[in-house]
Amino acid sequence: MICDICYVQVITDKLTDEKNFVADADTLFDTICCGCTDINRPLIDDMAGSGE
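Residues numbered from 1 in each chain as written. Predicted model: local features only at pLDDT ≥ 70, side-chain atom pairs only at ≥ 80, totals over all residues. Heavy atoms only, no water.

The secondary structure content of the chain amounts to four helices and zero strands. With the principal axes as the frame, the chain shows a C-alpha extent of 35 × 20 × 15 Å. Among the 52 residues that make up the chain, the fraction classed as buried is 17%. Looking at the chain as shown, the accessible area adds up to about 4100 Å², and 56% of this sits on carbon and sulfur atoms. (Helix = DSSP H or I, 4+ residues; strand = E, 2+ residues; numbered from the N terminus. Buried < 20%, exposed > 50% of the residue type's maximum accessible area, 1.4 Å probe, protein only. Areas by Shrake-Rupley, 256 points an atom, 1.4 Å probe, with all protein chains shown as cover.)

Let us look at the environment of Asn40. In this structure, Asn40 sits in the loop between helix H3 (34–39) and helix H4 (41–48). Judged by relative accessible area, which is 10%, Asn40 ranks as buried. Separated by eleven residues in the primary sequence, Asn40 and Phe29 place their C-alpha atoms 9.7 Å from one another. In contact with Asn40, not counting residues within four places along its chain, are Met1 and Ile2. (Contact = heavy atoms within 4.5 Å.)

Let us now look at the side chain of Thr37. One can find Thr37 in helix H3. Note on Thr37: relative accessible area 15%, which makes it buried. Dropping the residues within four chain positions of it, Thr37 is found in contact with Phe29, Ile32 and Ile44.

What follows covers a nonpolar patch on the surface. A cluster of nonpolar side chains, namely Ile2, Tyr7, Val8 and Ile11, defines an oily patch on the protein surface of about 340 Å² accessible area. Mapped onto the fold, Tyr7 is located in helix H1 (residues 4–12). (Patch = residues over 30% accessible without salt bridge, like charges linked within 9 Å, V, L, I, M, F, W, Y side chains within 5 Å. Salt bridge = Lys/Arg side-chain N within 4 Å of Asp/Glu carboxyl O.)

As a further point, take the nonpolar core. In terms of nonpolar packing, the biggest core is built from six residues, these being Cys6, Val10, Leu15, Leu28, Ile32 and Cys36. Leaving out residues up to four positions away in the same chain, Leu15 has contacts with Val10, Phe21, Val22, Ala23, Thr27, Leu28 and Thr31. (Core = buried A, V, L, I, M, F, W, Y, C linked by side-chain atoms within 4.5 Å.)

What follows deals with the confidence of the model for the chain. Of the residues in the chain, 92% have a pLDDT of 70 or more, and the chain-wide mean is 86. Across the chain, H1 holds the top mean pLDDT of 94, while H4 sits lowest at 77. (pLDDT = per-residue confidence, 0-100.)

Shown next, in the form of structure tokens:
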């Protein structure tokens, strides 16, 4: 879940494939704003292997 502004940037930078899968999560998280990062914190932590 990302805001409209971040969505446009992600699509413009072609960070997703035709099924909206992201090959480089680090670049994605560097691209999205702080608000989107905060909203997605549980997902980011899970992807990073956090055991919490």
